[in-house]
Amino acid sequence: CKRSKFLWDTQRICAMVGRNAGQSNSNKQTKNAGLKPLSHEEFPPWLHDCMDTTVKFLAANDMAAADKWLDEWAQKRKFLSSKAFFHALIHTCTKAGDPAAAGWCIRRMLRCGLRPNKVTFNSMINACAKAGNARLAHDWWEEMVGMGVVPN
């Protein structure tokens, strides 16, 4: 079931991302060294709630509701406007084989003023490949090159 895949992956990603949610960029490298992912009980409840609800909207193909939800949350938590957060969402969409939801995440990143990078586009193209959509993967490749992101 696509929805259950979304929800399972959201819990796993929240556990990985949760440790960085309250840290400044200068502290992340030293604090990440040797850390194990948080257990479900340990990661911040607000992050779990936000990711869980966002992916529910994306799995239901309700992008307008996902936008509204994240707009409300982003006012409370600046982390929700970070590349790490969007990469976690894109990864979840990719694992579920939902390129439309992954594409929404990239468009949302751009609206937030974040520039997609190699990681972003790699995940997007992977989502297209998982869905068997070579044409869409090609379109995102062209988008990547058009934005000046050099593939490796």
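Residues numbered from 1 in each chain as written. Predicted model: local features only at pLDDT ≥ 70, side-chain atom pairs only at ≥ 80, totals over all residues. Heavy atoms only, no water.

Our next topic: the overall build of the protein. Within the protein, the secondary structure is distributed over eight helices and zero strands. What you see in the protein, going N to C, is helices and strands ordered as α-α-α-α-α-α-α-α. Across the 152 residues in the protein, those meeting the buried criterion constitute 45%. Taking as baseline every contact in the protein between residues at least 6 positions apart, the subset at least 24 positions apart corresponds to 64%. (Helix = DSSP H or I, 4+ residues; strand = E, 2+ residues; numbered from the N terminus. Buried < 20%, exposed > 50% of the residue type's maximum accessible area, 1.4 Å probe, protein only. Contact = heavy atoms within 4.5 Å.)

On to the packing of aromatic side chains, then. As enumerated under the stated definition, the model contains three aromatic pairs in all. Here phenylalanine 121 and tryptophan 140 contribute two aromatic rings whose centre-to-centre distance is 6.3 Å and whose plane-to-plane angle is 45°, an arrangement assigned as tilted. Highlighted residues: phenylalanine 121 in helix H7 (residues 118–130) and tryptophan 140 in helix H8 (residues 134–146), separated in sequence by 19 residues. Its relative accessible area of 0% is what places phenylalanine 121 among the buried residues. (Phe/Tyr/Trp six-rings, centres within 6.5 Å; stacked < 30°, edge-to-face > 60°.)

Remark: helix H3 (residues 45–59) packs on helix H5 (residues 83–95), axes separated minimally by 11 Å, with the N-to-C direction vectors making an angle of 45°. As judged from the angle between their axes, H3 and H5 are oblique. Considering only the axes of H3 and H5, their crossing is right-handed. Here Leu47, Cys50, Met51, Thr54, Val55 and Leu58 of H3 lie close against H5, whose contacting residues are Phe85, Ala88, Leu89, Thr92 and Cys93. (Axes fitted to C-alpha atoms, helices over the stretch in contact; angles between N-to-C directions. Parallel < 35°, antiparallel > 145°, perpendicular 65-115°, else oblique. Left-handed = near helix turned anticlockwise from the far one by under 90°.)

Our next topic: the side chain of threonine 92. Structurally, the position occupied by threonine 92 is in helix H5. Residue class for threonine 92 comes out buried when judged on its relative accessible area of 0%. A distance of 3.0 Å separates a polar atom in the side chain of threonine 92 from the backbone oxygen of alanine 88. (Polar contact = N/O pair within 3.5 Å; in protein donor to acceptor, adjacent residues only side chain to side chain.)

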